[in-house]
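Coordinate inspection notes
Listed below are the residues making up each chain.
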Amino acid sequence: MTKALDGIRVIDMTHNQAGPSCAQILAWFGADVIKLEEPEKGDVARTNMRDLPDSDSLFFLMLNANKRSLTVNLKTERGKEIFSALLKTSDVLLENFGPGALARLGFGFATLQELNPRLIYTSIKGFGTYGPYSSFKSYEPVAQAMGGAMSVTGTPETPPLVNGAAIGDSGTGMHAVVGILAALEQRHQTGKGQQVEISMQDAVFNLMRIRIRDHQRMGKTVERSGNHMGANVPSNTYKCYPGGSNDYVYITAQQQMWVAFARAIGREDMIEDPRYDTPNARTENAQAVDAIVEEWTSQRTKQEVMQILGDAGVPCGAVLDTEDLIGDPHLREREMIVEVDHPSRRFLTVGSPIKLSDSPQ
């Protein structure tokens, strides 16, 4: 069985996480991804937090293990010749250099079009190639700060906090995948390639759309609200047995789930109690509701709570730490935990989150 992107060749000149995560997804889909690095140094991620002296770091391997590798010195004439030959036989060029870096080496977009009119030239930048911030550098926390995510992460008592998930890096990479696939589809119609540009700030800001809605709805700056989701009560994290640092569940029960929720926790008496029977009543008595819920959850493990409420049709998720995730049977069955045999080591990595029925991964 063929894969979705069989026959598509991608030159991946990116480093660290945003670009490599994009190229990795394309490789999961079947693209032939060639990781192009400068001699000797290579991708800085190869040595980033290296845990084995004679191996590339897990950071590098987990983002690049399904690619081929080639080193080319673009500052030499021979290197430029090799690069030009690669461009002529490729479909996508992916880079995250500083603005104008490739053009200064003689490979601006006009030159790329001359070499290969069908080439899709994809740039990932912290702030794009135009706009007041376009010359600024960015990393994950900077993207979260400038995209707005940090301002709404935490509680009113904490400073703005960085989200632990890499929404600035891998989130940008996934946006780049969408852009590349759209450009490939348009090429079927026009026969021409084009430029695809993804800004890390833009990508995080796109994920902030609900908070932008809230700003307009309320007419003021959206404040940090911790783990509460809207005005729903219960809607919070609740401690579970045996009380470790990650022994929590997240529960949110909207009005249409209230009866099922009350029955699931053995508190049918709350169903018609005027203190709890409406959303407004529960909001006014939020502390009492949370205390009742946590009294119930604290006597059960987070997995037990999730199973009981899940069976009752109430949204609930155990707070899975990294150990939980690696051993999670659901993720394993969905092939999201993948074991990789590498010449220097065997390691676990994350599988493709996008499942295609006719494209094996």
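Refer to the structure printed above.
None of the values given here were measured: they were computed from a predicted structure. (Residues numbered from 1 in each chain as written. Predicted model: local features only at pLDDT ≥ 70, side-chain atom pairs only at ≥ 80, totals over all residues. Heavy atoms only, no water.)

1. Structural notes on the packing of aromatic side chains
This structure, assessed with the given rule, holds six aromatic pairs. Here Y133 and F136 contribute two aromatic rings whose centre-to-centre distance is 5.9 Å and whose plane-to-plane angle is 25°, an arrangement assigned as stacked. Relative accessible area serves as the criterion here: at 47%, F136 is assigned to the partly exposed category. Aromatic pair W258 and F261: ring centres 6.0 Å apart, planes at 35°, arrangement tilted. With W258 and F261 both in helix α10 (residues 258-264) and three residues apart, the pair spans about one turn of that helix. On the basis of relative accessibility, which here comes to 1%, the residue F261 falls in the buried class. (Phe/Tyr/Trp six-rings, centres within 6.5 Å; stacked < 30°, edge-to-face > 60°. Buried < 20%, exposed > 50% of the residue type's maximum accessible area, 1.4 Å probe, protein only. Helix = DSSP H or I, 4+ residues; strand = E, 2+ residues; numbered from the N terminus.)

2. Quick word on the pattern of salt bridges
Should the charged atoms of two oppositely charged side chains come close, the side chains can pair. Scanning all chains against the criterion turns up 19 salt bridges. D12 serves as the salt-bridge partner of K67, at 2.9 Å between the closest nitrogen and oxygen. Linking K67 in the loop between α2 (58-64) and β3 (68-71) with D12 in strand β1 (residues 9-12), this pair joins segments that are 55 residues apart in sequence. Here K67 and D12 have matching classes, each one buried. R68 is the partner of D32 in a salt bridge, and the nearest nitrogen-oxygen pair spans 2.7 Å. Of this pair, D32 sits in strand β2 (residues 32-37) while R68 sits in strand β3; the two residues are 36 residues apart in sequence, bridging distant segments of the chain. A relative accessible area of 24% places D32 in the partly exposed class. (Salt bridge = Lys/Arg side-chain N within 4 Å of Asp/Glu carboxyl O.)

3. Here's the deal with the packing of helix α6 (residues 140-147) against helix α8 (residues 200-207)
Relative to each other, α6 and α8 sit at 55°, their axes nearing to 8 Å. Taken together, the axes of α6 and α8 lie oblique to each other. Judged by the sense of rotation from one axis to the other, the crossing of α6 with α8 is right-handed. In this structure, α6 uses E140, A143, Q144, M146 and G147 to contact α8, whose residues at the interface are M200, Q201, V204 and F205. For the contact of α6 with α8, a count of residues per class yields five nonpolar, three polar and one charged. (Axes fitted to C-alpha atoms, helices over the stretch in contact; angles between N-to-C directions. Parallel < 35°, antiparallel > 145°, perpendicular 65-115°, else oblique. Left-handed = near helix turned anticlockwise from the far one by under 90°. Contact = heavy atoms within 4.5 Å. Nonpolar A, V, L, I, M, F, W, Y, C, P; charged D, E, K, R; others polar.)

4. Focus on helix α12 (residues 286-297)
Over its 12 residues, α12 runs 16 Å from end to end, which matches the ideal 16 Å to within 8%, given 1.5 Å per residue. Among all positions of α12, only V289, D290, I292, V293, W296 and T297 are buried. Buried residues along α12 cover an arc of 160° about the axis, so they all sit on one side. Turned more than 90 degrees away from the buried face of α12, the exposed residues are Q287 and E295. Contact partners of the buried residues in α12: β7 (235-239), β8 (248-252), α10, α11 (279-284) and α13 (302-311). (Expected span 1.5 Å × (residues − 1). Arc of directions from axis to C-beta.)

5. Topic: the packing of helix α1 (residues 18-28) against helix α7 (residues 170-190)
The description of two helices packed together rests on the angle between their axes and the distance between the axes. Contact pair α1 / α7: the axes reach a minimum separation of 7 Å and the direction vectors enclose 50°. Taken together, α1 and α7 sit at an angle that is classed as oblique. Seen along the crossing, α1 lies across α7 with a hand that is right-handed. Contacts from A18, S21, C22, I25 and L26 in α1 reach S170, T172, G173, M174, A176, V177, I180 and L181 in α7. Classifying every residue of the contact of α1 with α7 gives nine nonpolar, four polar and no charged.

6. Remarks on the environment of M200
Note that M200 resides in helix α8. In the structure, M200 is positioned 101 residues away from P99 in sequence and 14 Å away in space, judged by C-alpha atoms. Sequence-distant contacts of M200, that is, excluding residues within four places in its chain, are made with K125, G126, S138, Y139, E140, A143, G168, D169 and T172.

7. A few points about the nonpolar core
Counting 24 residues, the largest nonpolar core has L5, V10, C22, L26, A31 and L184 as the members making the most contacts within it. The set of elements that each furnish at least two residues to this core consists of α1, β4 (92-95), β5 (120-125), α7 and β6 (195-199). Of all the elements, α1 adds the most residues to this core, at seven residues. When near neighbours in sequence (up to four residues on either side) are disregarded, V10 contacts L26, A31, D32, V33, I34 and V92. Membership of the second largest hydrophobic core comes to 21 residues, among which are F261, V289, I292 and V314. (Core = buried A, V, L, I, M, F, W, Y, C linked by side-chain atoms within 4.5 Å.)

8. Description of the pairing of strand β10 (residues 337-342)
Bridging between β10 and strand β11 (residues 345-350) involves six bridges; their strand directions are antiparallel. Pairing of I337 across the sheet is with V350, part of β11. Joining the antiparallel neighbours β10 and β11 is a turn of two residues. (Pairing = 2+ DSSP bridges.)

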